[in-house]
Amino acid sequence: MTPAPARRTTKLPHDVILALQVGGGALVAALGLWLLSRARRDTTEEIHLAGVGGLSSLTLSVSGLSCLALAYHAFAYAFNFTTFRAPMWIALVGALAAVLLSLLADKLENRPR
């Protein structure tokens, strides 16, 4: 009987994984802060999304806060902060659901009557 072939796995060094998590978390946090700053509506420019129309300040706020929550979880996993941390898939599903439902509300609000 021949032994099973060894599985080829690519193992990244811990430092590379940490850098990717921290860098990705910082980018997502910056995106969240930018979206929150756009939600203030001090400018006359409006953000439009194809198929939805103009985005409300509520949708921009929800999107920004979702990005900040995802950034928090990326940092929590990077620095092994286990006190207040959800599994990443739950954080992703929750953020995606919040943004999609807010976009749906915008689409329904912008539809022609």
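Residues numbered from 1 in each chain as written. Predicted model: local features only at pLDDT ≥ 70, side-chain atom pairs only at ≥ 80, totals over all residues. Heavy atoms only, no water.

1. Let's talk about the overall build of the protein chain
Keep this limit in mind: Per the convention used, a helix needs a DSSP run of H or I reaching at least four residues, while a strand needs a run of E reaching at least two, with both numbered from the N terminus. The cut-offs for exposure are 20% and 50% of the maximum accessible area for each residue type, with area from a 1.4 Å probe on protein chains only; residues under the lower value are buried, those over the upper are exposed, and the others partly exposed. The accessible surface values rely on the Shrake-Rupley method and a 1.4 Å probe; as for residues, cover is taken only from the protein chains in view.
In terms of helices and strands, the protein chain carries three helices and two strands. Its helices and strands taken in sequence order, the protein chain reads α-β-β-α-α from the N to the C terminus. Counting over 113 residues, the protein chain shows a buried share of 24%. Element-wise, carbon and sulfur atoms account for 68% of the exposed surface of the protein chain, whose accessible area totals about 8400 Å².

2. Considerations on unusual backbone geometry
A positive phi angle, close to 55°, is found at Asn80, a residue other than glycine. Assignment of secondary structure puts Asn80 in the loop between α2 (57-78) and α3 (88-110).

3. Brief notes about the side chain of Ser66
As for its position among the elements, Ser66 is in helix α2. Residue classification places Ser66 among the buried positions, given a relative accessible area of 9%.

4. Regarding helix α1 (residues 14-38)
Under the convention used in this document: Expected helix span is taken as 1.5 Å per residue step, with the number of steps being one fewer than the number of residues. In what follows, residue pairs with any heavy atoms lying within 4.5 Å of each other are defined as contacts.
The end-to-end C-alpha separation of α1 is 36 Å, in line with the 36 Å expected for 25 residues at 1.5 Å each. Taken together, the buried positions of α1 are occupied by Gly25, Ala29, Gly32, Leu35 and Arg38. Its buried side turned inward, α1 meets α2.

5. Here we look at a nonpolar patch on the surface
Threshold: Two distance rules govern patches: like charges are joined within 9 Å, and nonpolar side chains (Val, Leu, Ile, Met, Phe, Trp, Tyr) within 5 Å, applied only to residues with over 30% relative accessible area and no salt bridge. For this analysis, a salt bridge means a side-chain nitrogen from Lys or Arg found within 4 Å of a carboxyl oxygen belonging to Asp or Glu.
Where nonpolar side chains cluster on the molecular surface, the patch consists of Leu12, Val16, Ile17 and Leu20 and spans about 340 Å² of accessible area. As for its placement among the helices and strands, Ile17 is situated in helix α1. Residue class for Ile17 comes out partly exposed when judged on its relative accessible area of 35%.

6. Considering the nonpolar core
In plain terms, the rule: In this description, a nonpolar core means a group of buried Ala, Val, Leu, Ile, Met, Phe, Trp, Tyr and Cys residues linked to one another through side-chain atoms lying within 4.5 Å.
In this structure, Leu35, Ala39, Val52, Leu55, Leu60, Cys67, Val99 and Leu103 together form the largest nonpolar core, which totals eight residues. Secondary-structure elements contributing two or more residues to this core are α2 and α3.

7. Quick look at α2
Along its 22 residues, α2 runs 31 Å from first to last C-alpha, staying within 8% of the 32 Å computed at 1.5 Å per residue. Buried within α2 are the following residues: Thr59, Leu60, Ser63, Gly64, Ser66, Cys67, Leu70, Ala71, His73, Ala74, Ala76 and Ala78. Residues of α2 that are buried make contact with α1 and α3. One or two residues past the end of α2 sits Asn80, with phi positive at roughly 55°.

8. Regarding the environment of Ala95
Checked against the element boundaries, Ala95 lands in helix α3. Overall, Ala95 belongs to the buried group, its relative accessible area being 12%. C-alpha separation for the pair Ala95 and Leu68, spaced 27 residues apart in sequence, amounts to 9.7 Å. Excluding residues within four positions of it along the chain, Ala95 makes contact with Ser66 and Leu70.

9. A few points about the packing of α1 against α2
Heads up, the condition is: Axis lines are fitted to C-alpha atoms, over the contacting stretch for helices. Their N-to-C directions set the angle, which ranges from 0 to 180 degrees. Each angle gets one of four labels, with under 35 degrees taken as roughly parallel, over 145 as roughly antiparallel, 65 to 115 as roughly perpendicular, and the rest as oblique. Handedness of a helix crossing follows the sense of rotation of the near helix relative to the far helix, less than a right angle counterclockwise being left-handed and clockwise being right-handed.
Viewed as axis vectors pointing N to C, α1 and α2 meet at an angle of 160°, and their least axial separation amounts to 7 Å. The orientation of α1 with respect to α2, classified from their angle, is roughly antiparallel. Every pair of crossing elements has a handedness; the one defined by α1 and α2 is left-handed.

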